[in-house]
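Residue strings, one per chain:
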Amino acid sequence: MKTFSYRRLSRMLFQYAILLALAALCVFPFWWTLVVAVSTQGNIFAFPPSFLPQAISLDNFIEVFRVIPMLAFYKNSLLITIATVCWKLLLCSLAAYPLSRMRFSGSKLVFGLILATMILPSEVNFLVNFITMTKIGLVNTYTGVILPNLVTAVSILLLKQAFDEVPQDLIDAARVDGANELRIFWNIVLPLIRPWLATVAILTAVEAWNDYIWPSLVISKPEDFPLSAGILYLRGTYGSSTRVIAAGTILTVAPILVAFLFTQRFFMRGMDGAVK
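Summary of the structure given here. All of these numbers come straight from a predicted model, not from anything done at the bench.

About the cut-offs
- Just so you know, the residues in each chain are numbered from 1, in the order the chain's sequence is written.
- Only residues with pLDDT of 70 or above have their local features reported here, since the model is predicted, and side-chain atom pairs are shown and tallied only from 80 upward, although totals for entire chains, interfaces and linings are computed over all residues.
- Water and hydrogen atoms were dropped before computing side-chain values, which therefore reflect all heavy atoms in the structure.
- Salt bridges are defined by distance alone: a side-chain nitrogen of Lys or Arg within 4 Å of a carboxyl oxygen of Asp or Glu.
- Segments assigned H or I by DSSP are reported as helices when at least four residues long, segments assigned E as strands when at least two residues long, and all are numbered from the N terminus.
- Three exposure classes are used, based on accessible area relative to the maximum for each residue type with a 1.4 Å probe and protein chains only: buried under 20%, partly exposed in between, and exposed over 50%.
- The arc under discussion is defined with respect to the helix axis, by the directions toward the C-beta atoms.
- Here, two residues are considered to be in contact whenever any of their heavy atoms come within 4.5 Å of each other.
- Fitting a line to C-alpha atoms yields each axis, with helices limited to the stretch in contact; the angle taken between N-to-C directions then spans 0 to 180 degrees.
- In this scheme, roughly parallel covers angles under 35 degrees and roughly antiparallel covers those over 145, while 65 to 115 is roughly perpendicular and the rest are oblique.
- Handedness of a crossing is defined here by the sense of rotation of the near helix relative to the far one, left-handed for an anticlockwise turn of less than a right angle and right-handed for a clockwise turn.
- When residues are grouped by polarity, Ala, Val, Leu, Ile, Met, Phe, Trp, Tyr, Cys and Pro land in nonpolar, Asp, Glu, Lys and Arg in charged, and all others, Gly among them, in polar.
- Grid spacing is 1 Å over the protein atoms alone, the probe is 1.4 Å, and a cavity is where that probe fits but cannot get out, while a pocket is an open set with protein on both sides within 12 Å along at least five of seven lines and lining residues have an atom within 4 Å of a point.
- Grid points are joined across faces, edges and corners, and a volume is the space filled by probe spheres set on the points.
- Remark: nonpolar core denotes a set of buried residues (Ala, Val, Leu, Ile, Met, Phe, Trp, Tyr, Cys) joined through side-chain atoms within 4.5 Å.
- When the sulfur atoms of two cysteines come within 2.5 Å, that pair is taken as a disulfide.

**What about the pattern of salt bridges?**
Counted under the stated rule, the structure contains five salt bridges. With a shortest N-O distance of 2.5 Å, E63 and R66 are connected by a salt bridge. Of the two residues, E63 and R66 are both situated in helix α2 (residues 59-67); the distance of three residues between them amounts to about one turn of the helix. Ionic pairing is found between K88 and E207, a salt bridge with its closest N-O pair at 4.0 Å. Residue K88 is found in helix α3 (residues 70-101), and its partner E207 is found in helix α10 (residues 194-210); the two are separated by 119 residues along the sequence.

**Topic: helix α4 (residues 107-116)**
Looking at α4, one finds that the buried residues are S107, F111 and I114. An end-on view of α4 places all buried positions within 60° of arc, on one side of the element. With respect to the buried face of α4, the exposed residues turned more than 90 degrees away are K108, L109 and L113. Buried residues along α4 sit in contact with α3 and α7 (153-165).

**A look at the packing of α4 against α7**
Interaxial distance between α4 and α7 falls to 8 Å at its minimum, and their mutual angle equals 135°. Judged on the interaxial angle alone, α7 and α4 are oblique. Regarding α4 and α7, the two cross each other, and that crossing is left-handed. Facing F111, I114 and L115 of α4, the residues of α7 in contact are A153, I156, L157 and K160. Classifying every residue of the contact of α4 with α7 gives six nonpolar, no polar and one charged.

**Regarding the layout of surface pockets**
Approximately 820 Å³ is the volume attributed to the largest pocket. Lining the largest pocket are 32 residues, and of these S122, P148, N149, T152 and E207 lie nearest its centre. At the level of elements, α3, α5 (126-135), α7, α10 and α11 (213-218) are the ones that each hand at least two residues to the lining of the largest pocket. The dominant element in the lining of the largest pocket, judged by the number of residues it contributes, is α10, at five residues. If you add up the space inside the second largest pocket, you get close to 260 Å³. Of all the secondary structure elements, the ones that give two or more residues to the lining of the second largest pocket are α3, α10 and α14 (242-272). Per-class residue counts for the lining of the second largest pocket are 11 nonpolar, two polar and no charged.

**Side note on the nonpolar core**
F61, V64, I68 and M70 are the most contacted members of the largest nonpolar core, which totals 36 residues. Looking at which element gives the most residues to this core, the answer is α14, with six residues. The residues touching M70, leaving out its near neighbours within four places in the chain, are V64, F65, L227, I231 and L251. Of all hydrophobic cores here, the second largest spans 24 residues; its members include A96, I114, A179 and V200.

**Overview of the state of the cysteines**
A full pass over the atoms with the stated rule returns zero disulfides. Between C86, a cysteine without a disulfide, and C92, which holds the nearest cysteine sulfur, the sulfur-to-sulfur distance is 13 Å. With a relative accessible area of 48%, C86 lands in the partly exposed category.

**Examining unusual backbone geometry**
Phi at N140 takes a positive value of approximately 65°, unusual for a residue other than glycine. Here N140 shows up in the loop between α5 and α6 (142-146). According to the relative accessible area criterion, N140 is partly exposed, its value standing at 30%.

Now the structure itself:
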């Protein structure tokens, strides 16, 4: 019994050691950036790096707000993120439901083609999307930023899996009662997959908030930039001031990080499965 207990304790300690090492590896870049942003003294590029701030001050953060319109960038990012999340949940759920619950000719082929798009990186679509946005006059508009990101194979796949877990007997009973497919979708099925919807919403919000390549291509007016693209102005204005650039980076990451901390329980429930 003692041997078993010692062996189990050793295995548990080893697992925790691995998890702590991985956690430290993931947290280190953010922590180092935060230390640089709040410090006013010390060698930034010293090795080994300093893990504690020296001469703590918020001057670098104040300087970021002084030189670039951070509040306008926050507003632009918030508008783009909210619109992208809402429309993606609606369109991807409308696409996933027929693939999951309706039988029609070519459904497997359609689903296979959707999954095939996951092979290509998103950057491959930039040229085609930019030409399309130019032809329909959506360059320099938020619609041009949002439109290409409204439907993705990953979101459709996640929501299809959620719809697959809904009991078929429940849907059949609704059909017997005279409910049409739209009512079944909106009033019965969607409420059952709310954790999955929350998962897709969180993933979409993080992606939309951090996206900077596509908005930089579509929008040319600096005042209309989202935060991820607008913060790059610090590289030109303060190319040699790593502390100010680090402060701007923290201001960019902090909102989505706080939002994820408050919504992670919905994310984990969605990953575990919505319908038991």
